[in-house]
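Examining the three-dimensional arrangement
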Amino acid sequence: MLEIKNLHVKLEEEEKQILKGVDLTVEAGKVHAIMGPNGSGKSTLSYVLSGRDGYEVTEGSATLDGEDLLELEPEERAALGVFLAFQYPVEIPGVGNMTFLRTAVNAQRKARGEDELSASDFLKLVRERAKALKIDADMLKRPVNVGFSGGEKKRNEILQMAVLEPKMCILDETDSGLDVDAMKLVAEGVNALRDEGRGFLVITHYQRLLDHIKPDVVHIMADGRIVKSGGPELALEVEHNGYGDILAEVQ
Amino acid sequence: MAVPEQKQSATEARLSAMELPEPGCTRAAREAALARVCEMGLPSRRDEYWKYTRPDTLVDPVALPAAVFQNDEKPLFDGVDRLKIVFVDGVFDPDQSDDLSLEGVRIDRLEDICCKDIHWAKDLYGVLEARGHNPVPRPLAALNTAFASDGVAIHITQKVSKPISLIYRHASESSDAILHHVVRVEEGAEATILENGPAASRFNKCMEIDIADGGTLHHVRAQGRDHERRAVTHMFTRLGRESVYKSFTLTVNGVLTRNEQVIELTGDDAVAHVAGACVGDGDFHHDDTVFITHDAVNCESRQVFKKVLRNGAVGVFQGKILVKEGAQKTDGYQISQSLLLDDDSQFLAKPELEIYADDVACSHGSTSGAIDETALFYMRSRGVPEKQATDLLTLAFLAEAVEEIEDEALAGDIVDRLDGWLSRRA
């Protein structure tokens, strides 16, 4: 589904190489986790895949079901099925959560040549998905993420994901700033979306989240590359021994 | 102080082209206003108060022509049940207007207030304007009092069931209109006044509003989009005890607009809110000038002004809160913000506070900025195209001002207008 080959990325404004040849394939129906120390390039990878400004791809490719992602605008990637759950969800004063979500759903449908969702169908869909994430009507009415707690913001990201039903979900440190209960709720939301047609890329510092969202493959990223891949046991190894041993081993 | 020679000659040139209307009960007020104009001189760009807005096209003897804009947009407030009073190029048009009788309000044409002996209107005409020149002269308002050719006297005596809607149509490319309205809200009475339309190629409008104790006046205005039109407007409002004045103005295009609000809170516990949203493109120049005087205890004033500017448009805000000695427990809030959609546009702001009481809470803020790139990316990453995301963020920026309109239907109409403006732009 998602295929990243030899991806090299530098900052647009300065001569700083961040990704130095990332190779990664996420198959439909699988959950891949990326772990790695601070500054290894994990968040950059998520931004480059979703199309944020400020990065320059110097080499390599990234495709979703064969379509070249790197050529596309962020909204085109979204319509194709890419979704990034932000590490720091953005507050948008003055734009209602529901308005935003409905605009996004219908913009994507329009881009794919599908009919727009009617107001009542949309409402039904959102209510059902919101309930599972314990998001109340008040949160839906408020401006996007404004005045939300850390946990509420992350749940709101998962709600957007649940409503937009993307093919490829990228979760950037979705566990950061969450207490145990909130993390469980978020993980349940993610697990409910797992199915054969959908791929996940879960970026995290800690093994904790992976107790709840069980990965099929775990990758360790360091200095702009994936240095080691393995099964869920690799995450446990990191949890027990830190990154030091693994990094020493691959260098 | 003697008027500088250049200013004097510009003033004389304008006045020589004008004649005071027929004698009547307002004649004395008009003569006094004319004397004020001569004493102050009409504004020139050297005046501090006109530093950011060139007044010459408002002062010149002949108005510059302005094309009448035609489009198929639905007239504003079309779905609102209201009493319509129509002026075409600044002249009252009885055929297009509704019957002026409505429970709780009496409406008369300015020219009838003398023959009908309407005391309150005779007593108000030119009075608040005359009080409004301290510390800064507003000679274009005095010019208006002297030469206004039409207008209405609106006397609100109860809670009025539907808005009184002043509609200003623009028909002639060379029209130069001066309108003067007087409004009196009696104790405990309440009404909404709407104003909309481009009015004339050059428009000078003055409204004097006297709100008695416990009275409430809502004012929602939309200044029409005829691109080459020019306008200077003054609203002079005096508030009694526990009275409320809430005014909102939308300005969409127009090459030059100067809106002045001069508000005096003279009774305890009074509330005055003034808000404005404007969107401008190209040679658009928009100036909000506000002067609020707190002269009573425990009054609240609020100013919320938002401007969206692109392609070299210029926005100006001059807002002052004066808290007089003894006006304790004053709550004053002022915010002026601009969203600059490109590097060519400009926002010039001069927020001022002058406070002579020691137990007050006053705040003011002014900002200028571009679209929030992070928010834009966030929205695009959810599939919202760039233009649509920018429009949503633009409306969100204006929302704080639009939310000052209490009536949801009126606010909805205003948002539709803003939507229309955005959708016409690629």
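Each remark here, short or long, concerns the structure printed above.
Reading the values: the criteria
Residue numbers run consecutively from 1 along every chain, following the written order of its sequence. As they are written, the chains are lettered A onward and the ligands numbered 1 onward, keeping that order. Totals for whole chains, interfaces and linings use all residues, but because this is a predicted model, local features are given only for residues with pLDDT of at least 70 and pairs of side-chain atoms are given and counted only at 80 or more. Each side-chain value is derived from all of the structure's non-hydrogen atoms; neither hydrogens nor water enter the calculation. Helix numbers and strand numbers start at the N terminus; a helix is a DSSP run of H or I with at least 4 residues, a strand a run of E with at least 2. Here the globule rule reads 2.2 Å times residues to the power 0.38, and the radius of gyration is calculated from C-alpha atoms. When accessible area is computed with a 1.4 Å probe and restricted to protein chains, residues below 20% of their type maximum are described as buried, those above 50% as exposed, and intermediate ones as partly exposed. For two strands to pair, DSSP has to find at least two bridges joining them. Only C-alpha atoms enter the line fits that serve as axes; for helices the fit covers just the stretch in contact. Angles between N-to-C directions range over 0 to 180 degrees. Ring geometry is summarised as follows: Phe, Tyr and Trp rings, the Trp one being its six-membered ring, pair when their centres sit within 6.5 Å, and such pairs are stacked at plane angles under 30 degrees, edge-to-face over 60 and tilted between the two. The rule is short: NZ of Lys or CZ of Arg within 6 Å of the ring centre and within 35 degrees of the ring normal puts a charge over the ring. The term salt bridge refers to a side-chain nitrogen of Lys or Arg lying within 4 Å of a carboxyl oxygen of Asp or Glu. Note on disulfides: each one is a pair of cysteine sulfur atoms within 2.5 Å. Orientation categories follow fixed angle ranges, with anything under 35 degrees roughly parallel, anything over 145 roughly antiparallel, 65 to 115 roughly perpendicular, and all other angles oblique. Two helices cross in a left-handed way if the nearer one is turned anticlockwise from the farther one by less than a right angle. They cross in a right-handed way if the turn is clockwise. Whether two residues touch is decided by their heavy atoms; if any such pair falls within 4.5 Å, the residues are in contact. Counting rule applied: Lys, Arg positive; Asp, Glu negative; His and chain ends not counted. Pairing of N or O atoms within 3.5 Å defines a polar contact, subject to two protein rules: one partner must be a possible hydrogen donor and the other a possible acceptor, and residues neighboring in sequence count only if both atoms are side-chain atoms. When two components associate, each loses some accessible surface as probed by a 1.4 Å sphere; the sum of these losses over both components is called the buried area. For this classification, Asp, Glu, Lys and Arg are treated as charged, while Ala, Val, Leu, Ile, Met, Phe, Trp, Tyr, Cys and Pro are nonpolar and the rest, including Gly, are polar. We define the nonpolar core as a collection of buried residues of types Ala, Val, Leu, Ile, Met, Phe, Trp, Tyr and Cys that are connected through side-chain atoms lying within 4.5 Å of one another.

1. Re the overall build of chain A
Each helix and strand in chain A was counted, giving ten helices and twelve strands. Scaling as 2.2 N^0.38, a compact globule of 251 residues should have a C-alpha radius of gyration of about 18 Å, and chain A matches this with 18 Å. The dimensions of chain A, computed from C-alpha atoms along their principal axes, are 55 × 40 × 35 Å. Within the span of chain A, comprising 251 residues, buried residues form 53% of the whole.

2. A look at the overall build of chain B
When helices and strands are tallied, chain B shows nine helices and 19 strands. Since a compact globule built from 426 residues should have a radius of gyration of about 22 Å, the 21 Å found for chain B is in line with a globular shape. For chain B, the C-alpha atoms occupy an extent of roughly 70 × 50 × 50 Å along the three principal directions. Across the 426 residues that make up chain B, the buried fraction comes to 60%.

3. Things to note about the sheet that holds strand S12 (residues 256–265) of chain B
Residue and element names in this part refer to chain B. Spatially, S3-S4-S6-S8-S10-S12-S14-S16-S18 is the arrangement adopted by the nine strands of the open sheet, whose pairing is mixed. The sheet is open, and its two edges are formed by strand S3 (105–109) and strand S18 (346–355), each paired on a single side. Strand after strand, the sheet turns through a mean of 10 degrees between neighbouring axes, direction not considered.

4. Points about the packing of aromatic side chains
How two aromatic rings sit relative to each other is set out by the distance from centre to centre and by the angle between their planes. Under the counting rule described, the total for this entry stands at ten aromatic pairs over all chains. For the pair A:Tyr47 and A:Tyr55, a centre-to-centre distance of 6.4 Å together with 20 degrees between the ring planes defines the contact as stacked. Residue A:Tyr47 is classed as buried on the basis of its relative accessible area, which comes to 14%. Taken together, the ring pairs in this structure connect A:Tyr47, A:Tyr55, A:Phe86, A:Phe100, B:Phe377 and B:Tyr378 into an aromatic cluster. Sitting over the ring of A:Tyr206, A:Arg208 keeps its end group 5.9 Å from the ring centre.

5. Points about the pattern of salt bridges
Residues and elements named next belong to chain B. For the structure shown, the criterion picks out 51 salt bridges over all chains. Of the charged contacts, one joins Glu 404 and Arg 302 as a salt bridge, the two residues approaching to 2.7 Å between their closest N and O atoms. Residue Glu 404 is located in the loop between helix H8 (386–402) and helix H9 (408–423), and its partner Arg 302 is located in strand S15 (residues 300–310); the two are separated by 102 residues in the primary sequence. We classify Arg 302 as partly exposed; its relative accessible area is 22%.

6. A short note on the state of the cysteines
Residues and elements named next belong to chain B. With the rule as written, the count across this model stands at one disulfide over all chains. Each disulfide pairs two cysteine sulfurs, and for Cys 25 the partner residue is Cys 114, the sulfurs being separated by 1.8 Å. Here the disulfide of Cys 25 and Cys 114 is left-handed, its torsion about the S-S bond being about -80 degrees. With Cys 25 in the loop between helix H1 (5–16) and helix H2 (27–40) and Cys 114 in the loop between S3 and helix H4 (119–124), this pair connects stretches of sequence that are 89 residues apart. Judged by its relative accessible area of 29%, Cys 25 falls in the partly exposed class. Accessibility expressed as a relative area gives 25% for Cys 114, which makes it partly exposed. A disulfide-free cysteine, Cys 115 has its sulfur positioned 7.2 Å from the sulfur of Cys 114, the nearest such atom.

7. Things to note about the packing of helix H4 (residues 119–132) of chain A against helix H6 (residues 150–164) of chain A
All names here are of chain A. At a minimum axis separation of 10 Å, H4 and H6 run at an interaxial angle of 135 degrees. As judged from the angle between their axes, H4 and H6 are oblique. Judged by the twist between their axes, the crossing of H4 over H6 is right-handed. Counting all contacts with H4, which are made through Phe 122, Leu 125, Val 126, Arg 129 and Ala 130, the residues of H6 involved are Leu 159, Ala 162 and Val 163.

8. Quick look at the side chain of A:Asp175
Residues and elements named next belong to chain A. Tracing the backbone shows Asp 175 in the loop between strand S9 (168–172) and helix H7 (180–193). For the buried Asp 175, which has no salt bridge, the nearest side chain bearing the opposite charge is Arg 208, at an N-O separation of 4.8 Å. A polar contact is formed between the side chain of Asp 175 and the side chain of Thr 204, at a distance of 2.7 Å. Those residues in contact with Asp 175 that lie beyond four places of it in its chain are Met 183, Thr 204, Tyr 206, Arg 208 and Leu 209.

9. Focus on unusual backbone geometry
Cis geometry marks the peptide bond from B:Asn134 to B:Pro135; its omega dihedral reads 5 degrees. Checked against the element boundaries, B:Pro135 lands in the loop between helix H5 (127–131) and helix H6 (139–147). Within the chain, A:Glu165 stands out as a residue other than glycine whose phi angle is a positive 45 degrees. Of the residues examined, A:Glu165 reaches a relative accessible area of 44% and is grouped as partly exposed. A positive phi angle, close to 45 degrees, is found at A:Glu173, a residue other than glycine. By secondary structure assignment, the location of A:Glu173 is in the loop between S9 and H7.

10. Examining the interface of chain B and chain A
Chain B puts 16 residues into the contact, and the matching count from chain A is 30 residues. Where chain B abuts chain A, roughly 1900 Å² becomes buried across the two surfaces, and 68% of that area is made up of carbon and sulfur atoms. The largest contributions to the chain B side of the interface with chain A come from B:Phe377, B:Tyr378 and B:Arg382, which together make up 43% of the buried area. Remark: the boundary between chain B and chain A carries three salt bridges. Between B:Arg382 and A:Glu157 there is a salt bridge, and its shortest N-O distance comes to 2.7 Å. Counting only elements with at least two residues in the side of chain B that touches chain A, the list comes to helix H7 (373–381) and H8 of chain B. It is H7(B) that provides the largest number of residues to the side of chain B that touches chain A, a total of seven residues. Residue composition of the side of chain B that touches chain A, grouped by class: nine nonpolar, four polar and three charged.

11. Points about the nonpolar core
Residue and element names in this part refer to chain B. Grouped together as the largest cluster of nonpolar side chains are 118 residues, with contacts concentrated most on Phe 248 and Ile 414. Per element, the largest residue contribution to this core is nine residues, and it comes from H8. Sequence-distant contacts of Ile 414, defined by excluding residues within four places in its chain, comprise Phe 77, Val 220, Ala 222, Phe 248, Leu 250, Val 402 and Ile 405.

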